[in-house]
Amino acid sequence: MGSHKDSENPKATLPTPVTPAGRDALDAILADPGRTVIALDFDGTLAPIVPDPEQARAHPDAVPTLAALAPRVLSVAVVTGRPAAVAVRHGGFAGVPGLEHLTVLGHYGAERWDAATDTVIAPPPHPGVTAVRAELPAVLDEAGAGEGTWIEEKGRAVAVHTRRAADPQATFEALRAPLTDLATRHGLIVEPGRMVLELRPPGMDKGVALRRHVVDSAATAVLYAGDDLGDLPAFAAVEKLRAEGVPGLLVCSGSTEVTELSERADLVVDGPEGVVRLLSRIAEGVGAGGAQ
């Protein structure tokens, strides 16, 4: 009897958002999934944070869950600071039945990969990145970055990680000013994250990328899930869309490192495992009546 009632109530197994706006958005998603965009960060949201970003891989249940959800909604988009091709490779997104219309917006939306064509569309690289890359080792030495600080090449950006340093937070704070000066000299900006400072071109962030995708898709509801400071612009974009009449659900992939996100979220879940569980329950809740 209970299982029959649960099958009639798709919200029965879903967590309840803590805000009225979040509850309204969840209702809108369940009522009309075929006009809903599901947008997700990659690292820390679909993939657990690991000491070496090159070893990051999507949660084992992420791809099967997305493949079950994607045909039932208007669009699934992964919005990441990583190069699009790297996110596709680390996520295992290519050639998966059910993910034919998945989009990956890489480098904060500067790059776009579509599963349907398996191609990346991107503008020319910013010359400032090449200049910063050449100067960065000397800047780190002068700042006394020390052992455990390392540089990640990201193609259209370059990142400095402090997670392996003896004192990750102190090293992170000590590097903010010199790296900001370096970035400014070459027309770049610094994007702080979880023990990482990324130097990248200005003018594009996850909020810009997400808003463009939602508007271009003519979506009437959106869910965004993220875990880091770089996701704050996407949260702001969803809040702006709400003010314009598009319901939006803000999900934080729970992190004690970034309370700014959890404090603004409608729903906090337990890391990538919690995100996957939430998406799975939404897929069950919307059934087979999503996008055709």
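Refer to the structure above for everything that follows.
Now for a quick tour of the structure. (Residues numbered from 1 in each chain as written. Predicted model: local features only at pLDDT ≥ 70, side-chain atom pairs only at ≥ 80, totals over all residues. Heavy atoms only, no water.)

Further remarks concern the sheet that holds strand S9 (residues 196-200). Strand order in the open sheet formed by four strands is S6-S7-S9-S8, and the pairing between neighbours is antiparallel. Each edge of the sheet is formed by a strand with only one pairing partner; in this case those strands are strand S6 (150-153) and strand S8 (189-193). For this sheet, the mean inter-axis angle between neighbouring strands, taken without regard to orientation, is 25°. The strands that helix H6 (residues 168-185) touches are strand S7 (158-161), S8 and S9; relative to S9, the one it contacts most, it runs at about 5°. (Pairing = 2+ DSSP bridges. Helix = DSSP H or I, 4+ residues; strand = E, 2+ residues; numbered from the N terminus. Axes fitted to C-alpha atoms, helices over the stretch in contact; angles between N-to-C directions. Contact = heavy atoms within 4.5 Å.)

On to the pattern of salt bridges, then. Under the counting rule described, the total for this entry stands at 16 salt bridges. For the salt bridge of aspartate 43 with arginine 82, the shortest nitrogen-to-oxygen distance reads 2.6 Å. Highlighted residues: aspartate 43 in the loop between strand S1 (36-40) and helix H3 (62-69) and arginine 82 in the loop between strand S2 (75-79) and helix H4 (84-91), separated in sequence by 39 residues. A salt bridge links aspartate 231 to lysine 206; the shortest N-O distance between them is 3.0 Å. Here aspartate 231 is found in the loop between strand S10 (221-226) and helix H8 (232-243), whereas its partner lysine 206 is found in helix H7 (residues 206-217), with 25 residues between them in sequence. Given the relative accessible area of 0%, aspartate 231 is considered buried. (Salt bridge = Lys/Arg side-chain N within 4 Å of Asp/Glu carboxyl O. Buried < 20%, exposed > 50% of the residue type's maximum accessible area, 1.4 Å probe, protein only.)

On to the nonpolar core. Counting 43 residues, the largest nonpolar core has Leu40, Leu46, Phe93, Leu99, Val104 and Leu223 as the members making the most contacts within it. Per element, the largest residue contribution to this core is seven residues, and it comes from helix H10 (residues 271-286). When near neighbours in sequence (up to four residues on either side) are disregarded, leucine 99 contacts Val63, Leu66, Ala67, Ala70, Phe93 and Ala115. Residues Val214, Tyr224, Val238 and Ala265 belong to the second largest nonpolar core, which totals 23 residues. (Core = buried A, V, L, I, M, F, W, Y, C linked by side-chain atoms within 4.5 Å.)

Let us now look at H3. The element H3 is largely enclosed, with a buried count of six among its eight residues. Restricting attention to buried positions, one finds in H3 the residues Ala62, Val63, Thr65, Leu66, Ala67 and Leu69. Considering only its buried residues, H3 is in contact with S1, S2, H4 and H10.

Our focus in this paragraph is empty space enclosed by the protein. Scanning all chains against the criterion turns up one cavity of 30 Å³ or more. Lining the largest cavity are 29 residues, with Asp43, Ile49, His161, Val196 and Asp228 sitting closest to its centre. Looking at the lining of the largest cavity, the elements that each hand over two or more residues are S6, S7, S8 and S9. The element that contributes the greatest number of residues to the lining of the largest cavity is S8, accounting for three residues. Partitioned by chemical class, the residues of the lining of the largest cavity number eleven nonpolar, five polar and 13 charged. (1 Å grid on protein atoms, 1.4 Å probe; cavity = no way out; pocket = protein on both sides within 12 Å on 5 of 7 lines; lining within 4 Å. Points joined across faces, edges and corners; volume = space filled by probe spheres on them. Nonpolar A, V, L, I, M, F, W, Y, C, P; charged D, E, K, R; others polar.)

Moving on: H6. Between its first and last C-alpha, H6 extends 26 Å over 18 residues, near the 26 Å set by a 1.5 Å rise per residue. Of all the bends found along H6, the most pronounced is centred on arginine 176 and spans about 35°, while proline 178, a proline, follows it within four residues. For H6, every residue scored as buried is listed here: Thr171, Phe172, Leu175, Leu179, Leu182 and Ala183. Residues of H6 that are buried make contact with helix H5 (127-142), S7, S8 and S9. Directly after H6, the chain includes glycine 187, whose backbone phi takes a positive value near 75°. (Expected span 1.5 Å × (residues − 1). Bend = angle between axes of the 7 residues up to and from the residue.)

Turning our eyes to something else, we now look at the side chain of histidine 107. Within the element layout of this structure, histidine 107 appears in the loop between strand S3 (103-106) and strand S4 (111-114). Taking relative accessible area as the criterion, histidine 107 reaches 6% and is therefore assigned buried. Setting aside residues up to four positions removed in sequence, histidine 107 forms contacts with Thr80, Gly81, Arg82, Pro83, Lys154, Gly155, Arg156, Ala157 and Met204.

Bringing the packing of H7 against H8 into the picture now. Orientation of H7 relative to H8, taken along the N-to-C sense of each, is 40°, at an axis distance of 7 Å. If you check the angle between H7 and H8, you find them oblique. In this structure, the crossing between H7 and H8 has a hand that is right-handed. Contacts between H7 and H8 pair Lys206, Gly207, Leu210, Arg211 and Val214 from the former with Pro233, Ala234, Ala237, Val238, Lys240 and Leu241 from the latter. Across the contact of H7 with H8, the residue classes tally to seven nonpolar, one polar and three charged. (Parallel < 35°, antiparallel > 145°, perpendicular 65-115°, else oblique. Left-handed = near helix turned anticlockwise from the far one by under 90°.)

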